[in-house]
Amino acid sequence: HTVKKTILSRLNVIKNGLAILIDPDKFDIENTATFLRKLPSHTAMLFVGGSTVPYGMTKDLIDKLKLFTAKPIVLFPGDVSQIVPNADGLLFLSLVSGRNPEYLIGQQIKAVQHLKQTELEVIPTAYLLIDGGNISAVEGVTGTSPMSQNDITGIVDTATASEYLGMKLVYLEAGSGALNPVRSEIIAAVKEAISIPLLVGGGIRTEAQKQAAYDAGADLVVMGTAFEYPSALQDRKIVK
Ligand code: 1GP
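Rules behind the numbers
- Residues numbered from 1 in each chain as written.
- Predicted model: local features only at pLDDT ≥ 70, side-chain atom pairs only at ≥ 80, totals over all residues.
- Heavy atoms only, no water.
- Helix = DSSP H or I, 4+ residues; strand = E, 2+ residues; numbered from the N terminus.
- Rg over C-alpha atoms; globule rule 2.2 N^0.38 Å.
- Buried < 20%, exposed > 50% of the residue type's maximum accessible area, 1.4 Å probe, protein only.
- Contact = heavy atoms within 4.5 Å.
- Near = heavy atom within 4 Å.
- Polar contact = N/O pair within 3.5 Å; in protein donor to acceptor, adjacent residues only side chain to side chain.
- Nonpolar A, V, L, I, M, F, W, Y, C, P; charged D, E, K, R; others polar.
- Salt bridge = Lys/Arg side-chain N within 4 Å of Asp/Glu carboxyl O.
- Core = buried A, V, L, I, M, F, W, Y, C linked by side-chain atoms within 4.5 Å.
- Expected span 1.5 Å × (residues − 1).
- Arc of directions from axis to C-beta.
- Phe/Tyr/Trp six-rings, centres within 6.5 Å; stacked < 30°, edge-to-face > 60°.

(A) Looking closely at the overall build of the protein chain. Tallying secondary structure elements over the protein chain gives 10 helices and eight strands in all. Relative to the compact-globule value of 18 Å for 240 residues, the protein chain shows a C-alpha radius of gyration of 17 Å, a close match. The C-alpha extent of the protein chain, read off along each of the three principal axes, is 45 × 45 × 35 Å. Taken over 240 residues, the protein chain has a buried fraction of 52%. Excluding contacts between residues fewer than 6 apart, the proportion of contacts in the protein chain whose partners are at least 24 apart in sequence is 71%.

In structure tokens form, the structure reads like this:
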């Protein structure tokens, strides 16, 4: 199992990077080429995953994406059934904001037998669910509560402990479709405390929100919903 660490090394030098999240369950595969053409030019990589994805859909989508793009494709799986060999890498997530052992270590152990059959670059990622003002799919699926946006010390210490444990990325997640993205103050405090790359996503729909995340210290912003419903982005772009 020798794998080039190309995605992580890219993340270690990335600045103002953008990852577009595609949920196979919500994506029209026939529309793949058009979808990719419309993405911002600074899109660094594609994330593929969702909370509930029917078996087989992830692999088919990635085969299709690879016909039209050379950008790295990184799995962002809701569970082990979404681990497929035709992606380039995998965010190996541990939900460190919660106390459900299944999502701290259980799913990861179950993933091993799948991963042994792939050459995916495995990227240890501390995944922190932050309150986005509505009930997220992550909260529903994992049965864990998000951290309050007021608990800055708790969030910073969780991210720092994760780096001490050897995690290679920190991902601050407000949840897909969050009403409120992670606040700038939190992003800045976490960025200040860690030396590994910081990913921020959930509820970021406008250019202004994206820029605010970069200004606060996000190395990579993850956007999904805004590109699933491009008209929503167009409408809100005026806010810029
Ligand atoms: C969800 O952070 C990602 O895991 C993206 O969220 O769909 O709200 O952009 P949105």
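(B) The arrangement of the site of the ligand in detail. Among the 14 residues in the neighbourhood of the ligand, the closest are listed as Glu173, Ser176, Gly177, Gly203 and Thr225. Gly202 is positioned such that a nitrogen or oxygen atom in its backbone is 3.0 Å from an oxygen atom of the ligand. Broken down by secondary-structure element, the contributors of at least two residues to the shell around the ligand are strand S6 (169–173) and strand S8 (220–223). Of the residues belonging to the shell around the ligand, the class tally is five nonpolar, eight polar and one charged.

(C) Examining the pattern of salt bridges more closely. In this structure the tally under the stated criterion is seven salt bridges. Asp219 serves as the salt-bridge partner of Lys191, at 2.9 Å between the closest nitrogen and oxygen. Of this pair, Lys191 sits in helix H7 (residues 184–193) while Asp219 sits in the loop between helix H8 (207–216) and S8; the two residues are 28 residues apart in sequence, bridging distant segments of the chain.

(D) Summary view of the nonpolar core. Core analysis: the largest hydrophobic core is formed by 53 residues, its most contacted members being Leu128, Val170, Leu172, Ile187 and Val190. Considering each element in turn, this core owes the most residues, four residues, to helix H6 (residues 152–164). Once residues within four sequence positions are removed from consideration, Val190 is found in contact with Ile155, Val156, Ala159, Val170, Leu172 and Leu198. In this structure, Met45, Leu91, Tyr127 and Leu169 belong to the second largest nonpolar core, which totals 24 residues.

(E) Representation of the environment of Lys59. Residue position: Lys59 is located in helix H3 (residues 57–68). Sequence separation between Lys59 and Thr153 is 94 residues, and the spatial gap between their C-alpha atoms is 40 Å. Setting aside chain neighbours within four positions, we find Lys59 in contact with Val84 and Asn86.

(F) Quick look at H6. With 13 residues, H6 extends 18 Å from end C-alpha to end C-alpha; this agrees with the ideal 18 Å at 1.5 Å per step. Within H6, burial applies to Ile152, Gly154, Ile155, Val156, Thr158, Ala159, Thr160 and Ser162. Taken together, the buried residues of H6 touch strand S5 (121–129), S6 and H7. Just past H6, the residue Gly166 takes up positive phi, approximately 105°.

(G) Geometry of unusual backbone geometry. Its identity is not glycine, yet Asn16 carries a phi of approximately 50°, on the positive side. Note on placement: Asn16 falls in the loop between helix H1 (6–13) and strand S1 (17–22).

(H) Region of the structure containing H3. The end-to-end C-alpha distance of H3, which contains 12 residues, comes to 17 Å, matching closely the 16 Å that a straight helix rising 1.5 Å per residue would cover. Regarding H3, the residues found buried are Thr58, Leu61, Ile62 and Leu65. Projection of H3 onto a plane perpendicular to its axis shows the buried side chains occupying an angular sector of 100°, all on one side. Close packing links the buried residues of H3 with S1, helix H2 (32–37), strand S2 (43–48) and strand S3 (73–75).

(I) The arrangement of the packing of aromatic side chains in detail. Tallied over the full model, the rule gives five aromatic pairs. Centre to centre, the rings of Phe47 and Phe76 are 6.0 Å apart; their planes meet at 35°, and the pair counts as tilted. Taken together, the residues Phe47 in strand S2 and Phe76 in the loop between S3 and strand S4 (89–95) connect sequence positions 29 residues apart. Residue Phe47 is classed as buried on the basis of its relative accessible area, which comes to 1%. For the ring pair Tyr127 and Tyr171, a centre distance of 5.1 Å and an interplane angle of 85° mean the geometry is edge-to-face. Of this pair, Tyr127 sits in strand S5 while Tyr171 is found in strand S6, placing the two residues 44 residues apart along the sequence.

Note that every value here comes from positions in space, so none of it alone points to a role or purpose.
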